[in-house]
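# Overview (structure and organization)
Okay, here's what each chain looks like letter by letter:
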Amino acid sequence: MSTVRIPPVLRSAAGGVKSVEIGGATVGEVLEGLTAAHPALRTQLFSDEGALNRFVNVYVNDQDVRYLQEGSTPVEERDTIIILPAMAGG
Amino acid sequence: MPKSYADLLKEARSQIKEVSPPEADLIRERGATTFVDVREASEWEQGHLPGAVHISKSYIEQQIEGALPDRDAPVVTYCAGGVRSLFAAQTLQEMGYTNVSSMSGGFQQWKSQGLPWTVPTILSSEQKQRYSRHLLIPEVGTEGQTTLLGSKALLIGAGGLGSPAALYLAAAGVGTIGVVDFDVVDLSNLQRQVIHATDRVGEKKTESARRTINALNPDVNVVLHEEMLTDENVGRLIDGYDVILDGTDTFETRYTLNDAAVAVGIPVVHASVFRFEGQLTVFDPPSGPCYRCLYPTPPPPELAPGCSVAGVLGVVPGIMGLLQTNEAIKILLRIGDSLAGRLLLFDALDASFTELRLRRDPACPVCSEQAVAARVAGHPLPVPSSTYEGEFVLGARA
C-alpha cells in the first residue's frame, strides 16, 4: 500500500482525511483506486479524456511524475504520493 | 640581549619575503591569495586594496585563524608603509602559516603607483549598534550589512505574507523596500497582517506599512506603489529591484509577476497559504524553474479559494512570510542554498515540512531557452491564460 496525501482543498471530496492508504503498482493505478474510493475526486484530478489536470501536480516521494513516467511511474510499498494543486492565498 | 627596533626590523626582513606593489597586484589578479590589511580601522576606512581582509595588527593573533583557517594558503600582509605588515607576517609565520609575504612600501606606495583601491562603505556608529548582531556573523559582517543597506526588495502585497516580510526586511536594514498594494486596512486583516494596527482600519495599506517600517527602522526608504499589479504596469513596478517577495492572493497576479520577473531576471520568492498549510519556493531561472513550469495553468476557482473565502490560521502566513524573508536575505547576501528548484510544504497541524524537487519545463513558454530566444527576438511565445478557462475539465465537472 502507498500513502496518498490529500491536499486540504480536496479533503472534503475524500471524506475529510489527510491521507489514505491505496494499493497499486503504478501512480495511475493508485490514483484510480483513490478516485474509485472517492468518486468526487475524479473530476478534480482528471480531465474528460482521463488525463491528469494540468493544474494538479503529482509527486512520488519528492519527484514530479511528469518527469518520471507519468501515470505509469511504478510505486513501491511505503512510497508517498503527494497531490499538489496550486494555491494562491497570501 | 635586548634588541633595538632596527634589530627587530632586520630580523623580520631576513625571515619574511617581501613583494613590491606591482608584484602584489599580479598576485592579487591571479586570485587564491588572501591580502590581509593590518592597519588600524581608521586607516582601512580611508581606502584599501580590493578584496582585502582587515585585521588590525593588534588583533592578528586572535583573529587570523578565523579569517584564514588554512595555514598553507598564500597570504600577503600590508600596512601603510610596509613595516607593521612585516612584523605581522612574522607573527603569522610563527603561528605556522607557511606561505606569507609582506608588501613593501605598503598602501601608500600602492596608491602612488596608481594601482586599484576601494573605499569601504562606513556604517555610522548608530548603524554599528543597530546591526551589531549581524556584524558579528562572519557571513554578514560590515560588507554584508552594507550590501543589505544598498539592496532593494519589492513586496507584492502588504497582507498576511507581506506583513512579517516587511517587518523583518526593515529590521535587517534592507535599504529600500517597495510595497505594492491598492487595498485599505480592514479589521479582518489584523488577525495576521501584523504590520497594520487597529487604529489604522480604513487607512491605505501602503501608508500603514510605511509607518510601521519607519518606526522600526528609519534607515529604510519605503517606496509606495498604491496600485494593482497588472500586465501594463508590472514592468515599471519591478524595475530596479534586486528581489521580489510574492505575497499576492490571485493566480493572475502571480502569473503576471512571474512572466515579467523572468524576462528581466529578478528572483521571486514565492509563498502561498491555505488554512493550515503553505507552499514556498524561489523562482530564479535558469537556476530552477519558474512559476509556469510548476503550474502551467491556473486551477478552477473552487479548487483554489483565497484566504477571504477559505480562511487561514494567522500564524501560517506569518511563518511562510518569514521563510520568504529568509530566502530574500540569502539572495541579497549571496549566501547559503536558495530554495530554487525545491518546493517546501509546511503543515502547521503536523508541524512538518516536506520538500519536493521542482524541474524546469523544457517547453516552458516563459523561461525555456526557446522562450528566452523568442523574447530576445521581440516575439515572446504565447502563454496560457492566467485565469481559469474551463475547457480542460468543463464537461467532467458538469
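Treat the numbers as computed from the prediction; the structure is a model and nothing was measured.

Reading guide: rules and limits
Residues numbered from 1 in each chain as written. Chains lettered and ligands numbered in written order. Predicted model: local features only at pLDDT ≥ 70, side-chain atom pairs only at ≥ 80, totals over all residues. Heavy atoms only, no water. 1 Å grid on protein atoms, 1.4 Å probe; cavity = no way out; pocket = protein on both sides within 12 Å on 5 of 7 lines; lining within 4 Å. Points joined across faces, edges and corners; volume = space filled by probe spheres on them. Helix = DSSP H or I, 4+ residues; strand = E, 2+ residues; numbered from the N terminus. Nonpolar A, V, L, I, M, F, W, Y, C, P; charged D, E, K, R; others polar. Domains from an automatic or database assignment. Disulfide = S-S within 2.5 Å. Buried < 20%, exposed > 50% of the residue type's maximum accessible area, 1.4 Å probe, protein only. Contact = heavy atoms within 4.5 Å. Buried area = accessible area lost by both parts, 1.4 Å probe. Salt bridge = Lys/Arg side-chain N within 4 Å of Asp/Glu carboxyl O. Polar contact = N/O pair within 3.5 Å; in protein donor to acceptor, adjacent residues only side chain to side chain.

### What about the layout of surface pockets?
Residue and element names in this part refer to chain B. Estimated volume of the largest pocket: approximately 1,300 Å³. Elements with a minimum of two residues in the lining of the largest pocket: helix 3 (41–44), strand 3 (53–54), helix 4 (60–67), helix 8 (132–135) and helix 9 (141–149). Top contributing element to the lining of the largest pocket by residue count: helix 9, with six residues. Classifying every residue of the lining of the largest pocket gives 17 nonpolar, 13 polar and four charged. Computed from the structure, the second largest pocket encloses a volume of approximately 880 Å³.

### As for the domain arrangement of chain B
Looking at the assigned domains, one finds that chain B contains domain 1 (5–113) and domain 2 (151–377). On a C-alpha basis, the centroid separation for the pair domain 1 of chain B and domain 2 of chain B is 45 Å.

### Examining the state of the cysteines
Residue and element names in this part refer to chain B. Enumeration over the complete set of coordinates arrives at zero disulfides over all chains. No disulfide involves Cys290; its nearest neighbouring cysteine sulfur is the one of Cys364, lying 3.6 Å away. On the accessibility criterion, Cys290 (0% relative accessible area) is buried.

### Considering helix 5 (residues 84–94) of chain B
All names here are of chain B. The buried count for helix 5 comes to eight of 11 residues, which makes it a mostly enclosed element. All buried positions along helix 5 are accounted for by Ser85, Leu86, Phe87, Ala88, Ala89, Gln90, Thr91 and Leu92. Taken together, the buried residues of helix 5 touch helix 1 (5–15), strand 1 (17–19), helix 4, strand 4 (75–78) and strand 5 (100–103). Residue Gly96 follows helix 5 closely and has a positive phi angle near 100°.

### A short note on the interface of chain A and chain B
As a measure of interface size, the accessible area lost when the parts come together is often cited. At the interface, 28 residues of chain A touch 48 residues of chain B. When chain A packs against chain B, close to 3,200 Å² is buried across both sides, 59% of that on carbon and sulfur atoms. Across the chain A-chain B interface, the total number found is four salt bridges. Our enumeration of links across chain A and chain B arrives at 11 residue pairs in polar contact (both at pLDDT 80 or more). For the side of chain A that touches chain B, the elements supplying multiple residues, two or more each, are helix 2 (42–45), strand 3 (56–60) and strand 5 (80–85) of chain A. In terms of residues, the side of chain A that touches chain B owes the most to one element, strand 5 of chain A, which gives three residues. Among the residues making up the side of chain A that touches chain B, the classes are represented as 13 nonpolar, nine polar and six charged.

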